[in-house]
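Letter by letter, the chains look like this.
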Amino acid sequence: MSTVRVAGVGAALGSWRLDPREVRAAWGPASGTLEGGPADRTLAVAGADEDTLTLAARAADRALAATGIEPGDIDVLCWGTTRPPFAEGPSHAVLAAALGCSGRTGGLLCTGSAHAGMEAFLAGVDAVTAGSARWALVVASDAIVPGAGTALEARCGAGAAALVLGPRGPAGVGVRVTRSAPFLEQWRGDGEAATRDVYDPRLVRDVAVLPALADVAEHLRALEPTAWSLPDPDGRTAGALARRLRIDVPERAGTEHLVGDAGAAAPWLGALPALDAAGRVAVVGHGGGRTSGVLLSSEGPVPGAGPLGPLAAAGRPVRYPAVLRARHQLVPNAEPVPMGVPPGSAMHLRGAHEMLGLLGARCGDCGTIATPPSVHPTCPACGGTKLETVPLCRTGEVHTFVVNQTMPPPFEAPLPLLVVDLDDGARLMVQGTGDGGEVTVGARVELVLRRYALERGVPVYGYKATVVGA
Amino acid sequence: MGWSKVAVVGAGLIRFGELFEQSYEHMARGAFEAALGSVDHGFDPSVIDAAFVATQRGTLWGQEGIGGNTVPSAIGLAGIACTRVENACPSGSDAFRVGAMAVASGVHEAVLVIGVEKMRDKSTEEGLLSRAASGHPVYNRGETAPVLFAPFATRHMHEFGTTREMLAAVAVKNHRHGALDPYAHFRNEVTVEQVLASPVVCAPLHLLDCCPQTDGAAAVLLVPATAAADYTDRPVYVAGFGVATDHPSLAEKSTFVGLTATVEAARRAYAMAGLEPGDVDVAEVHDCFTITEILDIEDLGFVEKGKGGAATLEGVTALDGRIPINPSGGLLAKGHPIGATGVAQIAECFWQLREEAGERQVRIRNGVALQHNVGGRGSGVSVVNLLTRDPGTGGGR
């Protein structure tokens, strides 16, 4: 048995900010939305080109960067998300490829409830403890589609947290405890598009959830934690739990007021601020009738840890209809134009790694980098044939750009398209995130993974340029 | 070069527009009749021994399989040799070049070059705009036609201080010309204010910076120069041509203030004809967007690089300017039925050199006209044709 340490962490939030009062106003007082948590929250929700996978990739990239561990050194990738991008399909493999993990990376995908984030963490701990992995990357993410007009919709956020586990790091993983009870809270039936909410939130909270949380938290309380990450989806649970346990949890100790209920990511997003200093952090996560708790003991700041305020502040305010469109709950009455190259076709097979890994072909003769490699048997600049596939630099500068306002469905305007000169000399034409309002010639940009299309149910991922500091 | 001189002896087109009531075949027949009718001494269609058809995108009206056999049977020439030429927006001008080579080589005696395009049968969403979903699933996604040119406007404005008013001046001028052209889709004038206030299509380009979607057809008749006198006393001669390609992806462009394919096609055409930009009296150039004409007049050597916007604002390219550009109204006002566009530009050059363009006639000094198209993914292909009034000018014997 080896000791498991937390070497670094990272977080990502849905890049849109939604005021839940808009949801309540839209559905009226008779709807469940009034039960959707405190009025002073703002929700981080996924943009139209974001989903649980793009948020997971962003958080994982940040955790790896903070830690200084190369993606190729990750032995297992443990991903927990309530709703992966494919109900059945290559979700884990796509994330692993996007992160730059090697084709030998193991791991697992935990799904089906918000408890998946705890399950993925415990699996990562087990892999390192058992010696089957030296470095494990744990990612917990969620961007679910809540039922329209439900309390869940008025409190539902989107985000991701990632932790690099391994033989060294400032924080150790201590006691863990899990409890299980077969009660129904939020759920989604097979073939259903949106997650349903329980019909009587107070019944479930008081009779089922709180006793389970208290049982787990009492075990951790004995170890005298200095900070808690407690579930608080509705703005009432954490307070009620603290009173029941007679523990002192400062108001807004969690991150729900900045994010909303981020599901599988919530316990780890809640732990990130506390891991920025020495102390003992009790993390409690819950979902699908299961509750787990774990104690992390930190001797100093964990790389990548810190408050989520700056991430939340970078979000862009949107109106409720935009969110409904992004979740495909508000759909135009028009035939969407099908992708010319369908997702099952050979081009996607040939292009999978170069799209997810953002690869280019570097000429051995003149050094020009052409993108993507699969359509460049020769160097476009000099005709050279000695081409080496290389990862592209993820930062650069806008050379020129447009903002397209005129496209058929499923496209949505405004759509920025940018010609970017990357810092390694490659020139790339990619879409921009956001509405293009902040793009200028010469602006510094960073390339981030986004969902370019949801084509015949298949998410198609690629990189988009986002203006740094915008 | 060892090629025989080629003469244009007839040219005709149908009025461009939204021709919902006419089929592809009817448009082709209309243009063919107009070309036949334009030949001064008459033209017996049975002498035509080859045709070259320019149609760029049959899928725009639901036809995948436009081939060489689609047009001849529709226009009464069933059985003749016929080849479809597809080379993006320069399809019409390239069909003309190929037709000229067929005559110059001595292989064919009388060649019909005909361009036909249906742009409006399908809805815009299912037609031209559906291009947004074609090509590479990531690197081309969202790439509608304006996306290929608007980045050049952004960069031209950034590097040279070109303004939106200068872009608008192109639309204003070409609509003024188009109002004088009975074949133009739009025969209304527009103001700078109207262009600036029109809806944004693809920033920085607005609606009136963009050419319309237009149905149309155009045809010209080519014979060896030695046979031209049988048909007309005023033929126009092919002086030279050039074609050039450039990378198909915007990511591979070395510059966003000029179109490399145009520069190289023009260089080859001028060299073949032994002419220079200063010899040209009038030019029909590719103004699919206002910025495109500004790039064209710089890349073709008519004005200094970076000065195209200011020159347009100053009237250098107007009918009475130093180098009149697009007297027909251009793609912006006359319309852009892709395969027909280049052939119709040749027709305009034919009329201008014969000084029969009526109110829009420009002053002909050297008897030289230039016709130009550029297009395709990444504006990666350009064709330039040079025409002269004097058989002693230009290439060929």
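Everything numeric in this text was worked out from a predicted model, so none of it was measured.

About the thresholds
Residues numbered from 1 in each chain as written. Chains lettered and ligands numbered in written order. Predicted model: local features only at pLDDT ≥ 70, side-chain atom pairs only at ≥ 80, totals over all residues. Heavy atoms only, no water. Helix = DSSP H or I, 4+ residues; strand = E, 2+ residues; numbered from the N terminus. Rg over C-alpha atoms; globule rule 2.2 N^0.38 Å. Buried < 20%, exposed > 50% of the residue type's maximum accessible area, 1.4 Å probe, protein only. Areas by Shrake-Rupley, 256 points an atom, 1.4 Å probe, with all protein chains shown as cover. Lys, Arg positive; Asp, Glu negative; His and termini not counted. Charge placed at Lys NZ, Arg CZ, Asp CG, Glu CD. Domains from an automatic or database assignment. Contact = heavy atoms within 4.5 Å. Buried area = accessible area lost by both parts, 1.4 Å probe. Salt bridge = Lys/Arg side-chain N within 4 Å of Asp/Glu carboxyl O. Polar contact = N/O pair within 3.5 Å; in protein donor to acceptor, adjacent residues only side chain to side chain. Nonpolar A, V, L, I, M, F, W, Y, C, P; charged D, E, K, R; others polar. Expected span 1.5 Å × (residues − 1). Pairing = 2+ DSSP bridges. Phe/Tyr/Trp six-rings, centres within 6.5 Å; stacked < 30°, edge-to-face > 60°. Lys NZ or Arg CZ within 6 Å of the ring centre and 35° of its normal.

For chain A, the count of helices and strands is twelve helices and 20 strands. Relative to the globule expectation of 23 Å for 470 residues, the C-alpha radius of gyration of chain A, 22 Å, shows essentially globular dimensions. Here the C-alpha coordinates of chain A stretch approximately 70 × 55 × 40 Å along the principal axes. Across the 470 residues that make up chain A, the buried fraction comes to 58%. Surface summary for chain A: the accessible area is close to 18600 Å², and the carbon and sulfur share equals 52%. Between the centroid of the 40 positive side chains of chain A and the centroid of its 46 negative side chains there is a distance of 2 Å.

When helices and strands are counted, chain B shows eleven helices and eleven strands. Relative to its length of 397 residues, chain B is compact, with a C-alpha radius of gyration of 19 Å against a globular reference of 21 Å. Taken along its principal axes, the extent of the C-alpha atoms in chain B is 55 × 45 × 40 Å. Evaluated residue by residue, chain B yields a buried proportion of 65% over its 397 residues. Of the accessible surface of chain B, which amounts to about 12600 Å², a share of 51% is contributed by carbon and sulfur atoms. In chain B, which carries 31 positive and 45 negative side-chain charges, the distance between the mean positions of the two groups comes to 2 Å.

What follows deals with the domain arrangement of chain A. Residues and elements named next belong to chain A. Looking at chain A, the domain boundaries give domain 1 (5-326) and domain 2 (394-470). Centre-to-centre separation of domain 1 and domain 2, based on C-alpha positions: 28 Å. Residue-level contacts link 17 residues of domain 1 with 15 residues of domain 2. On the domain 1 side of the interface with domain 2, the three residues burying the most area are Asp 49, Arg 58 and Phe 86, jointly 36% of the side's total. The interface formed by domain 1 and domain 2 includes seven salt bridges. Asp 435 is the partner of Arg 316 in a salt bridge, and the nearest nitrogen-oxygen pair spans 3.8 Å. Counting across the domain 1 and domain 2 interface gives nine residue pairs in polar contact (both at pLDDT 80 or more). Where the side of domain 1 that touches domain 2 is concerned, the elements lending two or more residues are helix 2 (52-67), helix 3 (91-99) and helix 11 (320-326). For the side of domain 1 that touches domain 2, a count of residues per class yields eight nonpolar, two polar and seven charged.

Residues and elements named next belong to chain A. A rise of 1.5 Å per residue sets the reference length of helix 2, with its 16 residues, at 22 Å; its end C-alpha atoms lie 22 Å apart and thus fit the reference within 8%. Regarding helix 2, the residues found buried are Thr 52, Leu 53, Thr 54, Leu 55, Ala 56, Ala 57, Ala 59, Ala 60, Ala 63, Leu 64 and Thr 67. Its side-chain oxygen placed 2.9 Å from the backbone nitrogen of Leu 53, Asp 51 serves as the N-cap of helix 2.

This paragraph deals with the sheet that holds strand 13 (residues 359-363) of chain A. All names here are of chain A. Within the open sheet, the three strands sit side by side as 14-13-15. Their pairing is antiparallel. Only two strands of the sheet have a single neighbouring strand rather than two, namely strand 14 (369-370) and strand 15 (387-391). Two elements, strand 13 and strand 15, share five bridges in a ladder whose sense is antiparallel. Residue pairing across strands places Ala 361 opposite Thr 389, the latter belonging to strand 15.

What follows is about the pattern of salt bridges. Residues and elements named next belong to chain A. With the rule as written, the count across this model stands at 47 salt bridges over all chains. A salt bridge links Arg 205 to Asp 206; the nearest nitrogen and oxygen atoms lie 3.8 Å apart. For Arg 205, a relative accessible area of 11% puts it in the buried group. You can call Asp 206 partly exposed: its relative accessible area is 33%. Note that Glu 455 and Arg 456 form a salt bridge whose closest N and O atoms lie 3.0 Å from each other. Relative accessible area serves as the criterion here: at 6%, Glu 455 is assigned to the buried category. Beyond isolated ion pairs, a larger network of salt bridges with shared partners links Asp 49, Glu 50, Arg 450 and Lys 464.

Bringing the interface of chain A and chain B into the picture now. Taken residue by residue, the interface counts 40 residues in chain A and 33 residues in chain B. Summed over both sides, the interface between chain A and chain B buries roughly 3100 Å², with carbon and sulfur atoms accounting for 67% of that surface. Across the chain A-chain B interface, the total number found is zero salt bridges. On inspection of chain A and its partner chain B, the count reaches 14 residue pairs in polar contact (both at pLDDT 80 or more). Among the elements of the structure, helix 12 (346-356), strand 16 (395-404), strand 17 (415-422), strand 18 (427-431), strand 19 (444-455) and strand 20 (458-467) of chain A are those that each provide at least two residues to the side of chain A that touches chain B. In terms of residues, the side of chain A that touches chain B owes the most to one element, strand 16 of chain A, which gives six residues. Split into classes, the residues belonging to the side of chain A that touches chain B amount to 27 nonpolar, eleven polar and two charged. Strand direction decides the pairing type here: strand 16 of chain A and strand 5 (residues 200-203) of chain B, joined by two bridges, are antiparallel. Opposite A:Val403, over in strand 5 of chain B, you have B:Ala203 as the bridge partner.

Let us look at the packing of aromatic side chains. Using the criterion set out here, one finds seven aromatic pairs over all chains in the structure. Considering the side-chain rings of B:Tyr24 and B:Trp61, the 4.6 Å spacing of their centres and the 20° angle between planes classify their relative orientation as stacked. Note that B:Tyr24 is positioned in helix 1 (residues 24-38) and B:Trp61 in the loop between strand 2 (50-54) and helix 2 (72-75), a separation of 37 residues in sequence. You'll find B:Tyr24 and B:Trp61 in the same group, each marked buried. A cation sits over an aromatic face here: A:Lys464 above A:Tyr452, 5.2 Å from the ring centre.

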